[in-house]
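Fold and contact review
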Amino acid sequence: MTPISLFWHRRDLRIEDNRGLAAALESGHPVLGFFCFDKTILDVLPEVDARVGFIHTELEGMARKYKSASSQLIARHGVPLEEIQSLRQDLQAAGYELRQIHTNRDYAPYPVARDGEVRAWCEQEGIGFHTHDDHVILPPEAVLKDDGTPYTVFTPYSRKWHKVLDAQDSDPLAEAVVALDGQGIRPFPEQELPSLSSMGFDEASADPSGWAAFEGRQPDADVLRRYAERRDTPSVVGTARMSLHLRFGTVSVRSQARLGFVHSDKWLTELIWREFYQAIVHHFPHSAKDAFRAKYDRIPWRHDDDHFAAWCEGKTGYPLVDAGMRELNATGFMHNRVRMVVASFLCKHLLLDWRLGERYFAEKLLDFELASNVGGWQWASGSGCDAAPYFRVFNPESQLKKFDPSGTYVRRWVPEWGTPAYPAPIVEHKFARQRAIDTYKAALTEA
Ligand SMILES: Cc1cc2nc3c(=O)[nH]c(=O)nc-3n(C[C@H](O)[C@H](O)[C@H](O)COP(=O)(O)OP(=O)(O)OC[C@H]3O[C@@H](n4cnc5c(N)ncnc54)[C@H](O)[C@@H]3O)c2cc1C
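Quick notes on the rules
Residues numbered from 1 in each chain as written. Predicted model: local features only at pLDDT ≥ 70, side-chain atom pairs only at ≥ 80, totals over all residues. Heavy atoms only, no water. Helix = DSSP H or I, 4+ residues; strand = E, 2+ residues; numbered from the N terminus. Rg over C-alpha atoms; globule rule 2.2 N^0.38 Å. Buried < 20%, exposed > 50% of the residue type's maximum accessible area, 1.4 Å probe, protein only. Contact = heavy atoms within 4.5 Å. Lys, Arg positive; Asp, Glu negative; His and termini not counted. Charge placed at Lys NZ, Arg CZ, Asp CG, Glu CD. Salt bridge = Lys/Arg side-chain N within 4 Å of Asp/Glu carboxyl O. Near = heavy atom within 4 Å. Polar contact = N/O pair within 3.5 Å; in protein donor to acceptor, adjacent residues only side chain to side chain. Nonpolar A, V, L, I, M, F, W, Y, C, P; charged D, E, K, R; others polar. Phe/Tyr/Trp six-rings, centres within 6.5 Å; stacked < 30°, edge-to-face > 60°. Pairing = 2+ DSSP bridges. Axes fitted to C-alpha atoms, helices over the stretch in contact; angles between N-to-C directions. Core = buried A, V, L, I, M, F, W, Y, C linked by side-chain atoms within 4.5 Å. Domains from an automatic or database assignment. Buried area = accessible area lost by both parts, 1.4 Å probe.

1. Side note on the overall build of the protein chain
Helix and strand counts for the protein chain come out as 19 helices and five strands. At 23 Å, the protein chain has a C-alpha radius of gyration in line with the 22 Å of a compact globule built from 447 residues. By principal-axis analysis of the C-alpha atoms, the protein chain measures approximately 75 × 50 × 45 Å. Expressed as a percentage of its 447 residues, the buried residues of the protein chain come to 56%. Sequence separation of 24 or more characterises 80% of the internal contacts of the protein chain that already satisfy a separation of 6 or more. Between the mean site of the 53 positive side-chain charges and the mean site of the 62 negative ones, the protein chain shows a separation of 6 Å.

2. Considering the pattern of salt bridges
The final tally for this structure, using the stated rule, is 29 salt bridges. A salt bridge links E97 to R99, with the nearest nitrogen and oxygen atoms 3.2 Å apart. R99 sits in the partly exposed class, given a relative accessible area of 35%. The partner of R105 in a salt bridge is D133, with the nearest N and O atoms 3.1 Å apart. Remark: D133 occurs in the loop between strand 5 (128–132) and helix 6 (154–167) and R105 occurs in the loop between strand 4 (96–104) and helix 5 (109–125); sequence separation between them is 28 residues. Residue D133 is classed as partly exposed on the basis of its relative accessible area, which comes to 24%.

3. A look at the site of the ligand
Lining the immediate surroundings of the ligand are 27 residues, of which Y227, T239, A240, R241 and N336 lie closest. A distance of 3.0 Å is found between an oxygen atom of the ligand and a backbone nitrogen or oxygen belonging to E369. Looking at the shell around the ligand, the elements that each hand over two or more residues are helix 9 (243–248), helix 11 (265–283), helix 14 (336–349) and helix 16 (370–381). Looking at which element gives the most residues to the shell around the ligand, the answer is helix 11, with five residues. Split by residue class, the shell around the ligand holds 15 nonpolar, six polar and six charged.

4. What about the packing of aromatic side chains?
Evaluation of the coordinates by the stated rule reveals 26 aromatic pairs. A centroid spacing of 5.8 Å and a plane angle of 45 degrees characterise the contact between F54 and F248, whose relative ring orientation is tilted. Residue F54 is found in helix 3 (residues 50–68), and its partner F248 is found in helix 9; the two are separated by 194 residues along the sequence. Taking relative accessible area as the criterion, F54 reaches 0% and is therefore assigned buried.

5. Details of the sheet that holds strand 4
Pairing within the open sheet is parallel, and its five strands lie in the order 3-2-1-4-5. Pairing within the sheet leaves two strands with one partner each, and these edge strands are strand 3 (73–78) and strand 5. Between one strand axis and the next, the sheet turns through 30 degrees on average, direction left out of account. Across five bridges, strand 1 (residues 2–9) lies against strand 2 (residues 31–38) in parallel orientation. Across the sheet, the residue bridging to L6 is L32, located in strand 2. The strands touched by helix 3 within the sheet are strand 1, strand 2 and strand 3, with strand 2 carrying the most contacts at an inclination of about 165 degrees.

6. Examining the side chain of S383
Within the secondary structure layout, S383 lies in the loop between helix 16 and helix 17 (396–403). Relative accessible area serves as the criterion here: at 1%, S383 is assigned to the buried category. A distance of 3.0 Å separates polar atoms of two side chains, one belonging to S383 and the other to Q378. The contacts of S383, once residues within four sequence positions are left out, are A291, F292, R293, Y296, W354 and Q378.

7. As for the nonpolar core
W311, M325, M334, V342, F361, W377 and Y440 are the most contacted members of the largest nonpolar core, which has 48 residues in total. Beyond its immediate chain neighbours, meaning those up to four positions away, M325 contacts W311, C312, G314, M334, V342, Y360 and F361. One finds L42, W211, A213 and L366 within the second-largest nonpolar core, a separate group that totals 35 residues.

8. Regarding the domain arrangement of the protein chain
How big an interface is tends to be reported as the loss of accessible area on association of its parts. With domains assigned, the protein chain is organised as domain 1 (2–134), domain 2 (136–174 + 216–283) and domain 3 (288–441). Taking only C-alpha atoms, the centre of domain 1 and the centre of domain 2 are 26 Å apart. In this assembly, 18 residues from domain 1 lie in contact with 23 residues from domain 2. Together domain 1 and domain 2 conceal approximately 1,700 Å² of surface at their shared face, both sides included; 49% is due to carbon and sulfur atoms. It is R11, F54 and Y107 that lose the most area in domain 1 upon contact with domain 2, and together they represent 38% of the buried surface on that side. One salt bridge in this structure joins E141 and R105, with 2.8 Å as the shortest N-O distance. At the boundary of domain 1 and domain 2, one finds 14 residue pairs in polar contact (both at pLDDT 80 or more). Elements represented by at least two residues in the side of domain 1 that touches domain 2 include exactly helix 3 and helix 5. Among the elements that take part in the side of domain 1 that touches domain 2, helix 3 stands out by supplying four residues, more than any other.

Printed below as a string of C-alpha cells:
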C-alpha cells in the first residue's frame, strides 16, 4: 500500500498561498485534494444558488490545476465524514493507505462540530488529523487579553492584533509556498465533479453573471488608496468588493492584508473586524443564534408579515432602505453603509427580530459569512458584543442626505422614487423611533 495524505478544501478554494495545503505537502506523503459538497449545508438552499455555482466553477478550475501538476482533486456530494470513510475504502481498493488528513480551520459552530466528528474517527482509525489556520491571519486563541480571556470590544482587540502580529518570529503575512508539482498523486482514473443537477441545483447557478458584483480577484489599488474618503458612498465603487473571495478563500487573506499595509490602514481595519467577528463566534458560539447579551432576548419583537415582506421587497417607502434591499435582491451584494441602515430599520423602526433579517441576508448575500453577518446584525440591533447603543436609532432620511445626497444610488435601484408609484412610508419615523426606544428600555430594565 502506498501511504498518502488527503488535503480537504472547504472555504479555501485555491491552491496558491494555502497554509494547510503547504503543510500537507510537507507531510512526506503524496497528497490528494478533496472537497465535499456538504448535504447538511446544501439541502436547505434554493435550486438556483449562485454561491453553489461559484464553488462548482472554482472547483473545476482547481481540478485542472491539480491535474496539470500530476495530481488529482476528488469531489463528492454527501455528509463529509461518510464521504471520507467511503473515499478511504476506494483508496484502499486502489492500493493507497490514508495516513493523514490536513485541512484549514473554520471557526463557526457547525464546522467545529463536524471537524470534531472527523477527528474522533481519525483517532480511532490511526489516521492523523491536522488542522491549520489560513482563513484568518491570527486565529481566535492568538489575540486574547493579558488575562487570557477573549476581547469583546473591537478597539482593544485591534490594538492587540497589531501587537501580536509584530511579535511573531516568522512573518504571518508571508505567502505559503505550495509546491504541488511532483508531490501530488492520481489514484483514480479521471473523475468528474458531481454535476450541479445531480445535487439538485439548476445549471443556471453557474452563470457567472450571478456573481458579477465580485468580478475582480484583486482590489483596485486606487480604490484602496481612496478607501477612507469613499467607503461610505454607495453610489460609487469605493470599497474593494472582496468579501465573496474572502468568504470562499478564492484569495488569501494574507495577500489582502499586505495590500492593506501598503495602501490603506482603514481598509486593513476592516479585515481586522472580520477576524474579530470570527473570534467572537468561536469563543461565544451561542451568539450565532442568540443575542450575545442575553437580556436583549427579552425584547418583545413584533410579528408583522406585511412589514417584513415590504422590507424584503424594498417597498418600505424609505428610499435608502428600499434601494439597498433591491440591490441585494438583484445582485447578492449590498454596500456596507446601506447594510447598516436596512438592518437598523428592521430591528428598530419595524421592531422585528434581528434573526429574521439575518436569515434573509444569509439566503441572499453571495458573501454570506455567519460570523460577520451575525456580528453586523447584532451590532445593528444593539444585542451584540460591541454594538451601537439601543437608543441610537439611524434616521434613514438623514442617512440618505449624508451618504447619497444626489440620490444617484437610490435612483439606480428605485426608478419610481419621487413619482406617485412610489409607496408612502410604512411607518412614521418619529413614532417608530420612540416605540423602539421605549420597548428596548422597558425590556432591558426589567428585573
Ligand atoms: C447587517 C450586516 C450584515 C453583514 N453581513 C456580512 C456577511 O454576511 N459577510 C461579510 O463578509 N460581511 C458582512 N458584513 C460586513 C460588510 O458589509 C461586508 O463585508 C462588505 O460590505 C463587503 O464589501 P467589500 O468587500 O467591498 O468591503 P470592504 O469595505 O472593501 O472591506 C474589505 C473586507 O473586509 C471585511 N469587512 C468589511 N467590513 C466588515 C465588517 N463590518 N465586518 C466584518 N468584516 C468586514 C470583508 O471581508 C470585506 O471584504 C455585514 C455588515 C452588516 C452591517
